[in-house]
Amino acid sequence: MTQHRSSHRFTRRQALGMGAAGVLGAGLPSLASAQAANEVRILFAGGTWKDWYEQSFTNDFAAANNVKMNWRTGLRQAPLAIAQRRRPQWDLIHINQTESAQIGTMGILKPFVDAELPNLKDIHPSFKYEFLAGKIHTPYGLAVNTKRITRKIDSWLDMWDPAFKGKVAFPQFSWVGEEVFHAVNQVLGGSEDNVDPGIAKFKELFKSNGAILGNNVEHAIQLLSTEEIWIMPLFSARTDQARAKGGPVEFIVPKEGGLSWIWNTGLIANRGKASEEMAAKLVNMTLDPERQIAFSRRTGYPPTNVKAMKNLPADLKKLEISDADLEAYGKIQRKFDYMTMFAFKDQVTERFNKEVLA
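Presented here is a report on the structure given in the accompanying data block.

### Notes on the overall build of the protein chain
Turning to step 1, where the next piece is worked out: Scanning the protein chain from N- to C-terminus turns up 15 helices and 11 strands.
Turning to step 2, where the next piece is worked out: By residue count, 56% of the 358 residues in the protein chain fall in the buried class.
Turning to step 3, where the next piece is worked out: A separation threshold of at least 6 residues defines the contact pool for the protein chain, and within that pool the share at least 24 residues apart is 76%.
Turning to step 4, where the next piece is worked out: For the protein chain, the exposed area adds up to about 14,600 Å²; of that, 50% sits on carbon and sulfur atoms.

### Some points on helix α7 (residues 196–208)
Given 3.6 residues per turn, any residue in an α-helix points the same way as the ones three and four places further on.
Turning to step 1, where the next piece is worked out: For α7, which comprises 13 residues, the first-to-last C-alpha distance of 18 Å matches the rise-based estimate of 18 Å (1.5 Å per residue) to within 8%.
Turning to step 2, where the next piece is worked out: Burial in α7 covers these residues: G198, I199, F202, L205 and F206. Along the axis of α7, the buried positions cluster into a sector of 125°, meaning they face one direction only.
Turning to step 3, where the next piece is worked out: Those residues of α7 that are buried are in contact with β7 (169–171), α6 (173–187), β8 (212–214) and α15 (345–357).

### Description of the pattern of salt bridges
Turning to step 1, where the next piece is worked out: Scanning the entire structure with this criterion turns up 25 salt bridges.
Turning to step 2, where the next piece is worked out: A salt bridge links E99 to R76; the nearest nitrogen and oxygen atoms lie 3.3 Å apart. With E99 in helix α5 (residues 97–105) and R76 in the loop between β2 (68–73) and α4 (78–83), the pair connects residues that are 23 residues apart, well separated along the chain.
Turning to step 3, where the next piece is worked out: Look at E99 and you get buried, because its relative accessible area is 9%.
Turning to step 4, where the next piece is worked out: The partner of D240 in a salt bridge is R243, with the nearest N and O atoms 2.7 Å apart. Placement of the pair is D240 and R243 together in helix α9 (residues 236–244), with a separation of 3 residues, close to one helical turn.
Turning to step 5, where the next piece is worked out: Residue class for D240 comes out partly exposed when judged on its relative accessible area of 34%.
Turning to step 6, where the next piece is worked out: On the basis of relative accessible area, R243 is assigned to the partly exposed category, the value being 33%.
Turning to step 7, where the next piece is worked out: Ionic contacts of the salt-bridge type, sharing partners, join the residues D196, K203, R351 and E355 into one network.

### Overview of the environment of E228
Turning to step 1, where the next piece is worked out: Within the secondary structure, E228 is located in the loop between α8 (217–225) and β9 (231–235).
Turning to step 2, where the next piece is worked out: Residue E228 is classed as partly exposed on the basis of its relative accessible area of 40%.
Turning to step 3, where the next piece is worked out: Remark: the alpha-carbon pair of E228 and K167, spanning 61 residues in sequence, is separated by 6.5 Å.
Turning to step 4, where the next piece is worked out: Filtering out sequence-adjacent residues up to four positions away, E228 remains in contact with G166, K167, I212 and L223.

### A closer look at the pairing of β2
Turning to step 1, where the next piece is worked out: For strand β1 (residues 39–44) and β2, the ladder comprises 6 bridges, and the chain directions are parallel. Counted as the bridge partner of V40 is M69 from β2.

Cut-off values and rules
- Numbering of residues starts from 1 in every chain and runs along the sequence as written.
- Reporting of local features is limited, given that this is a predicted model, to residues whose pLDDT is at least 70; pairs of side-chain atoms are given and counted only at 80 or more, and all residues count toward the totals for whole chains, interfaces and linings.
- Hydrogen atoms and water are omitted, and side-chain values are computed over all heavy atoms in the structure.
- Each helix corresponds to a stretch of at least 4 residues labelled H or I by DSSP, and each strand to a stretch of at least 2 residues labelled E; elements are numbered beginning at the N terminus.
- Using a 1.4 Å probe on the protein chains alone, a residue whose accessible area is under 20% of its type maximum counts as buried, one over 50% counts as exposed, and one in between counts as partly exposed.
- Contacts are assigned to residue pairs that have any heavy atoms within 4.5 Å of one another.
- For every accessible area listed, the method is Shrake-Rupley and the probe measures 1.4 Å; residues are considered covered only by the protein chains on display.
- In a helix, the anticipated span is given by 1.5 Å times the number of residues less one.
- The arc under discussion is defined with respect to the helix axis, by the directions toward the C-beta atoms.
- Salt bridges are identified by distance alone: a Lys or Arg side-chain nitrogen within 4 Å of an Asp or Glu carboxyl oxygen.
- One requirement defines pairing of two strands: DSSP has to find at least two bridges between them.

Below you can see the structure in the form of C-alpha cells.
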C-alpha cells in the first residue's frame, strides 16, 4: 500500500479563511524559548486514554529526559491550535488523520519525516499520513446487543430499523460524530459538500426512531453495558469493554465499510528547534514496536508498527489484522475529502444541531 496523502480542492491560503478564521490572530507570547528545555506541552484527550498514554510512554520519557509533561486535556483541541497559529503555545496535539490533514494544510503541523522520526520507516503504510502516523489503529463500526437484536446486522442503515426505536445512540459531533455522519452521508449518495441526504436521514433517526447522543467512550460503555442502548457506532475495543461490564454486545464491521482511525500526537510547527526536537523524540517513542505492544495491551487495539504487528505475544494474537481487514476498515475514509469537510464544517455542524437535534 502507498502512503496516504489527503485529496483536497483547497489551497493553504483558502484553508486559512475557513471556519476558524476569526480566531487566527489570537495568540499569546510563545513559551518555546523559555521552557523548551525542561518541559513538553501537550494538547491531549483525557480519561483512560491519557492514563494509558502516560503508563506506556510519557512517564518513562519524562524521567529519562528530565522534562516535565504539561497537559491540557479535552476533546477536539484543533481550534486552540488554530487560534495560536502565529504564536504556538503547545508542542504536541493529540489528533487523528482527519484533523491532521486539515490543520496541517494551514501550516500548523510539521510533516512526519524519517530524518526526525527513525521509527517511522517501520509503520505500516496504511497508518502513515503527511502530518501523522498512528501509534495505534482503532477499528470502528457498530456495537450491537446480540441478546436483544437477534437478526443479522450488517449495515450502518440498520440503526434506522423501527424495531430498535428508543434503543439507538449516535456519537456527539464534538466526539467522532462528524466523521461518522459523513460516512453515512456517503453511503446514502451524498458528499462532503452535499449533506442533504445525511441531514434528511438523521432527522428520521432522531425524530422517528428516538435516537440519543453518546457523549464519549465512557458514556457509550455505560449505555451498552446497562442495555439502555442496543445499537450504536463505536470502536472495537470499547465494545469489548462494554461486554466485559456485562453488556451482551458484539462489534460489527458494516458491509459498506467501517472506519479506521489512527491517533497520535501531531508535531506543532514553529515552536523553536530545542522544543521541536524534544517533541519529535517523544513521538518517535510512540512508534517503537515494544512501546506499541505495551499500549496495545492496555487499550485492546492493534499496533501500527510492522515489527509489532508481526510479533504480537500470545495474549495479543486476537489483535492481528489482515490486509482484507484493513481494506474493510478504511473503505469509507479513503474516499473522504478532508479539506472539503473542513470548508463546510461549521455549516454542517449548524445544520445537524438545528435540523436534526432541535
